[in-house]
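Below, each chain spelled out in residue letters.
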Amino acid sequence: MKSNKFLYSVFLVILLSSFFGVNTEAASLYTVKSGDTLWKISQQSGVPIGSIQIANNLKDNKLNVGQRLSLPEPITASERTLLAQLIFAEAQGEPYAGKVAVATVVLNRVDSDLFPKTIREVIYERSNGYYAFSPVQNGKINNNPTTIDYRAVDEAVAYRGKGSGSLYFYNPQTAKSEWILTKEVTVRIGNHTFAK
């Protein structure tokens, strides 16, 4: 009798999880410790602050020691490295904020219905025979990023979904496409103009 109740409970959890779209493997639990902040938890876990807030129905940044938080699946180590490689190739010599903004463009594209759904697919996207990012075509994507590039990725991930929604960036001194100049400018950082 007990085994039937157990099997029924397992079946019910699986059924409800699939019905409501809950991925029980994708989320992990974290217990808040003294000194924790959403920023610190985001940096440690690689999960955006906004995603932590949504997953736990948090209305503000207040946390309580012992509180258990559900942490959605973060970006993978290979995605983090690929994004850092793109930052190194696209924003070498640019201010730190510009590096974060380049990573943010990629993450915004992943979250947009207009682009592919993974970091790798966004970075390697081709349209009309052209790569979305020139370092993919010229091979500079394969260079080794710096610790600053990785830190910029982590900051972009932590604040994913915040900001002005930039989907593009370009250097106005070298941009050859008239099309990009028609996009709404969101911010200018260093030699790059960001737009949506």
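Up top you'll find the structure we're talking about.
Draft legend 1. Inspection of the overall build of the chain at higher detail. The helix and strand inventory of the chain stands at 8 helices and 7 strands. The buried share of the chain, taken over its 196 residues, is 36%. Expressed as a percentage of contacts within the chain between residues at least 6 apart in sequence, the contacts between residues at least 24 apart total 62%. Accessible surface, the chain as shown: approximately 12,000 Å² in total, 54% of it carbon and sulfur.

Draft legend 2. Inspection of helix α5 (residues 96-111) at higher detail. Counted at 1.5 Å a residue, the expected span for α5 with its 16 residues is 22 Å, and the 23 Å between its end C-alpha atoms agrees. Among the 16 residues of α5, 12 are classified as buried, and the element is accordingly described as predominantly covered. Along α5, the residues that are buried comprise Gly 98, Lys 99, Val 100, Ala 101, Val 102, Ala 103, Val 105, Val 106, Leu 107, Asn 108, Arg 109 and Val 110. Considering only its buried residues, α5 is in contact with α4 (77-91), α6 (119-123), α8 (147-158), β5 (168-170), β6 (185-189) and β7 (192-195).

Draft legend 3. Structural detail: the packing of aromatic side chains. Applying the stated criterion across every chain yields a total of 5 aromatic pairs. Taking 5.2 Å as the distance between ring centres and 90° as the angle between the ring planes, the aromatic pair formed by Tyr 168 and Trp 179 counts as edge-to-face. Placement of Tyr 168 in strand β5 and of Trp 179 in the loop between β5 and β6 is noted, with a sequence separation of 11 residues between them. Overall, the relative accessible area of 11% leaves Tyr 168 in the buried class. By relative accessible area, Trp 179 is classed as partly exposed at 45%. Residue placement shows Arg 126 over the ring face of Tyr 131; its charged tip is 4.7 Å from the ring centre.

How each quantity is defined
Residues numbered from 1 in each chain as written. Predicted model: local features only at pLDDT ≥ 70, side-chain atom pairs only at ≥ 80, totals over all residues. Heavy atoms only, no water. Helix = DSSP H or I, 4+ residues; strand = E, 2+ residues; numbered from the N terminus. Buried < 20%, exposed > 50% of the residue type's maximum accessible area, 1.4 Å probe, protein only. Contact = heavy atoms within 4.5 Å. Areas by Shrake-Rupley, 256 points an atom, 1.4 Å probe, with all protein chains shown as cover. Expected span 1.5 Å × (residues − 1). Phe/Tyr/Trp six-rings, centres within 6.5 Å; stacked < 30°, edge-to-face > 60°. Lys NZ or Arg CZ within 6 Å of the ring centre and 35° of its normal.

Treat this as a map of the structure, not an account of what it does.
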